[in-house]
Amino acid sequence: MVLSEPGWAEEQADAVVVLKNVSLTYQADSDIYALANIDLSLHEGEFVCLLGPSGCGKSTLLKIVAGFISPSAGQAVMDGAAIQGADWHRGVVFQQPPLYPWLTTRDNVRFGLRMRNIPESESRQLTEEYLRKVGLEEFGNHKPYELSGGMKQRVAIARSLVNKPRVLLMDEPFGALDALTREQMQSLLRNIWWESKCTILFITHDVDEALALGTRVLVMSKRPGRIVKEFKTSFTYAISGENSNRVRYTAQFLQAREEILELINRQEISYII
Ligand SMILES: Nc1ncnc2c1ncn2[C@@H]1O[C@H](COP(=O)(O)OP(=O)(O)OP(=O)(O)O)[C@@H](O)[C@H]1O
């Protein structure tokens, strides 16, 4: 594993999304400085995990990339054009999947395709393909209340992926799941990422999850959030192979884990002081 500080210049090549000197201030009773001077590039096919103390601006950063909010300063760009509003090229998955309770699994997955007026036969074929990919082909006619938490999250993932987005933005998608389901979902996501080659930005509070999935792990400072350290990682490849769990106990994995935890804890402590 190579450890290195974030470098703006070297990150420009083959970037899908670029945030350049982005800051975000929420206008509340008093101004809330959520993000400060963020320089970040997401490259084609990367799996970038974002960690940091609670309230440091992770979701804010993701919302800027999604196009839900605009930076107060700086630029957010995708494929060379300013990000302006939400767009199906950037799929978003939240911790609590906002599924339509009155629609079946199949219709929830198809919803975005219908909005985009994709022809019926193509939409049907894509929906079945993605239901299969997330292992829900037998639950197409179920309503959300008939599904477990992990299954609902599978629907949310399929609903985003069915649009074949170039970028998938995930805000603590497995945070509410039990440990076993969480590991199964990580494995499912890793396979989908590998197969689809889409670029993923993934927020988590779980250092092990970030190291097990990411090809790059970014650690943010306390608010106003800045990216303070970047770890290039490749554990995800080994974990996808045989004897996967051994990787989690290797010296490299444990060292990276300790370093990241120490960085975050340092931020949390100085935040309290
Ligand atoms: N719409 C808003 N209006 C005002 N302040 C906001 C708004 N959204 C977020 N904030 C504030 O901005 C800061 C960053 O919030 P954000 O949700 O981005 O942090 P986070 O790192 O994702 O937090 P957590 O890890 O706890 O989910 C927090 O202090 C939060 O209270």
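All values derive from a computational prediction rather than experimental measurement.

The rules behind the values
- Residues numbered from 1 in each chain as written.
- Predicted model: local features only at pLDDT ≥ 70, side-chain atom pairs only at ≥ 80, totals over all residues.
- Helix = DSSP H or I, 4+ residues; strand = E, 2+ residues; numbered from the N terminus.
- Rg over C-alpha atoms; globule rule 2.2 N^0.38 Å.
- Buried ≥ 20, exposed ≤ 12 C-beta atoms within 10 Å, placed from the backbone.
- Domains from an automatic or database assignment.
- Contact = placed C-beta atoms within 7 Å.
- Nonpolar A, V, L, I, M, F, W, Y, C, P; charged D, E, K, R; others polar.
- Near = placed C-beta within 6 Å.
- Pairing = 2+ DSSP bridges.

Counting its secondary structure elements, the protein chain contains eight helices and eleven strands. By the compact-globule yardstick of 19 Å for 273 residues, the protein chain fits well, its C-alpha radius of gyration being 19 Å. By residue count, 39% of the 273 residues in the protein chain fall in the buried class.

Attention shifts here to the domain arrangement of the protein chain. Per the domain assignment, the segments of the protein chain are domain 1 (1-89 + 167-245 + 259-273) and domain 2 (100-164). In this structure, domain 1 and domain 2 have C-alpha centres spaced 26 Å apart. Contacts between the two partners involve twelve residues from domain 1, matched on the other side by ten residues from domain 2. In terms of residue count, helix α5 (residues 179-196) provides more of the side of domain 1 that touches domain 2 than any other element does, six residues in total. Of the residues assigned to the side of domain 1 that touches domain 2, the class counts are nine nonpolar, three polar and no charged.

Right, let's talk about the site of the ligand for a bit. Close to the ligand lie 13 residues, the nearest being Y26, S54, K58, S59 and T60. Mapped by element, the contributors of at least two residues to the shell around the ligand are β3 (31-43) and α1 (58-66). Element by element, the count of residues in the shell around the ligand is highest for α1, at three residues. Considering only residue class, the shell around the ligand consists of five nonpolar, six polar and two charged.

Bridge count for strand β10 (residues 216-220) against strand β11 (residues 227-232) is five bridges, and the pairing is antiparallel. When the bridges of β11 are listed, L218 appears paired with E230. Hairpin connection from β10 to β11: six residues lie between these consecutive antiparallel strands.

Another point: unusual backbone geometry. For the bond running from R223 to P224, omega is -5°, close enough to zero to count as cis. With phi around 55°, N117 is a residue other than glycine that occupies positive phi space. Along the chain, N117 falls in the loop between α2 (105-115) and α3 (120-133). Under the C-beta neighbour-count criterion, N117 is labelled exposed, with 8 such atoms within 10 Å. Of note in the backbone geometry, K197 takes a positive phi value of approximately 60° without being a glycine. Position of K197 among the secondary structure elements: in the loop between α5 and β9 (199-203).

When strand β2 (residues 15-27) meets β3, the two strands line up antiparallel, connected through nine bridges. If you follow Q27 over to β3, its bridge partner there is D31. Following β2, the chain reverses through three residues before pairing antiparallel with β3.

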